[in-house]
Amino acid sequence: MNSDLSISHTVAVGIADKQPAVLDYARTEAERAGCGITLVHAYSVPSVAMGPMYGVEVPEAFRAAGQDILAEALDYLTKNGVTSPVECVLTRGHAPSVL
């Protein structure tokens, strides 16, 4: 292993909904390791919701719901004294593939 390489470390956390135990664990691990936390939420839009009878607001509603989930997770960490930097990532896709 080459010790000259600069590698950025982070604790990546997939967030589906309110998951305080997962967030507490991520906070503890990030603080122990001295690194940041990356909160990731993946959303998908069912193909049936993309038919011609639905407007463009349907995919945006899924995106907005994902933003709310990330905002709630960040708020939870902040209220519980997180000291590590936190980044939120919202992406469209299948959760296992995204992580």
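Before reading further, recall that the structure is shown in the block above.
A few points on the structure. (Residues numbered from 1 in each chain as written. Predicted model: local features only at pLDDT ≥ 70, side-chain atom pairs only at ≥ 80, totals over all residues. Heavy atoms only, no water.)

**Things to note about the overall build of the protein**
When its secondary structure is counted, the protein shows three helices and three strands. Along the protein, helices and strands appear, N-terminal first, in the series β-α-β-α-β-α. For the protein, the residues scored as buried account for 28% of the 99 residues in total. A fraction of 74% describes how many contacts in the protein between residues 6 or more apart in sequence connect residues 24 or more apart. Accessible surface, the protein as shown: approximately 6,600 Å² in total, 56% of it carbon and sulfur. (Helix = DSSP H or I, 4+ residues; strand = E, 2+ residues; numbered from the N terminus. Buried < 20%, exposed > 50% of the residue type's maximum accessible area, 1.4 Å probe, protein only. Contact = heavy atoms within 4.5 Å. Areas by Shrake-Rupley, 256 points an atom, 1.4 Å probe, with all protein chains shown as cover.)

**Here's the deal with the environment of Ala 26**
Structurally, Ala 26 is set in helix α1 (residues 20-33). The buried category is assigned to Ala 26, whose relative accessible area is 3%. Here the alpha-carbon distance between Ala 26 and Val 82, two residues 56 residues apart in the chain, equals 9.9 Å. When residues no more than four places from it in sequence are discounted, the contact partners of Ala 26 are Val 11, Val 13 and Ile 37.

**Comments concerning α1**
A rise of 1.5 Å per residue sets the reference length of α1, with its 14 residues, at 20 Å; its end C-alpha atoms lie 20 Å apart and thus fit the reference within 8%. Buried within α1 are the following residues: Leu 23, Ala 26, Arg 27 and Ala 30. What you see down the axis of α1 is that its buried residues fit within an arc of 100°, all on one side. When the buried face of α1 is taken as reference, the exposed residues oriented beyond 90 degrees from it are Ala 21, Tyr 25 and Arg 32. Within two residues after α1, Gly 34 carries a phi angle of roughly 70°, on the positive side. (Expected span 1.5 Å × (residues − 1). Arc of directions from axis to C-beta.)

**Here's the deal with the pattern of salt bridges**
Enumeration according to the criterion identifies four salt bridges in this entry. Of the charged contacts in the structure, one is a salt bridge between Arg 27 and Glu 31, with a shortest N-O distance of 4.0 Å. Residue Arg 27 and its partner Glu 31 are located together in helix α1, separated by four residues, close to a single helical turn. Taken together, the salt bridges that share partners define one network made up of Asp 24, Arg 27 and Glu 31. (Salt bridge = Lys/Arg side-chain N within 4 Å of Asp/Glu carboxyl O.)

On their own, these measurements won't tell you what the molecule is for.
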